Amino acid sequence: MSRAVVIGIAGDAKLWIADLDTGTIKELPPTGELAKIADLRRAGATVVKKVDFAVAVSTAKAAFSGHFEPHP
């Protein structure tokens, strides 16, 4: 099972890699095939693979309290 996730947040061109085993998140420069996906994101595409739940929240505190903002 994968223990790392590449994340892109709407409105932010950067990509991030979250390593769930080490508890770290770092900026991930898009190269190779990942650069092609970054281009698709800039054009408005959403790419999801092997993730069955994801939600962006305004703060970690909101997530820990169980509150999630509605989708606009």
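Quick caveat: nothing in here was measured; it's all calculated off a predicted structure. (Residues numbered from 1 in each chain as written. Predicted model: local features only at pLDDT ≥ 70, side-chain atom pairs only at ≥ 80, totals over all residues. Heavy atoms only, no water.)

Participant: Quick rundown of the pattern of salt bridges? Include the residues and the values.
Facilitator: Evaluation of the coordinates by the stated rule reveals three salt bridges. The closest approach of N and O atoms between arginine 3 and aspartate 21, which form a salt bridge, is 2.9 Å. Of this pair, arginine 3 sits in the segment before β1 (4-8) while aspartate 21 sits in the loop between β2 (15-19) and β3 (24-27), and the two are 18 residues apart along the sequence. Looking at arginine 3, the relative accessible area reads 36%, which means it is partly exposed. Among the salt bridges present, the one from arginine 42 reaches aspartate 39, with a minimum N-O distance of 2.2 Å. Placement of the pair is arginine 42 and aspartate 39 together in helix α1 (residues 33-42), with a separation of three residues, close to one helical turn. (Salt bridge = Lys/Arg side-chain N within 4 Å of Asp/Glu carboxyl O. Helix = DSSP H or I, 4+ residues; strand = E, 2+ residues; numbered from the N terminus. Buried < 20%, exposed > 50% of the residue type's maximum accessible area, 1.4 Å probe, protein only.)

Participant: Lay out the environment of lysine 14 with the relevant residues and their values.
Facilitator: Tracing the backbone shows lysine 14 in the loop between β1 and β2. When sequence neighbours within four positions are dropped, the list of residues in contact with lysine 14 reads Ile7, Gly8, Glu27 and Arg41. (Contact = heavy atoms within 4.5 Å.)

Participant: Residues and numbers for the sheet that holds β1, please.
Facilitator: In spatial order, the strands read β1-β2-β3; together these three strands make up an open sheet with antiparallel pairing. The strands lining the two open edges of the sheet, one partner per strand, are β1 and β3. The mean inter-strand angle of the sheet, taken between neighbouring strand axes irrespective of direction, is 25°. Relative to β3, β2 runs antiparallel, the two sharing four bridges. If you follow isoleucine 17 over to β3, its bridge partner there is lysine 26. (Pairing = 2+ DSSP bridges. Axes fitted to C-alpha atoms, helices over the stretch in contact; angles between N-to-C directions.)

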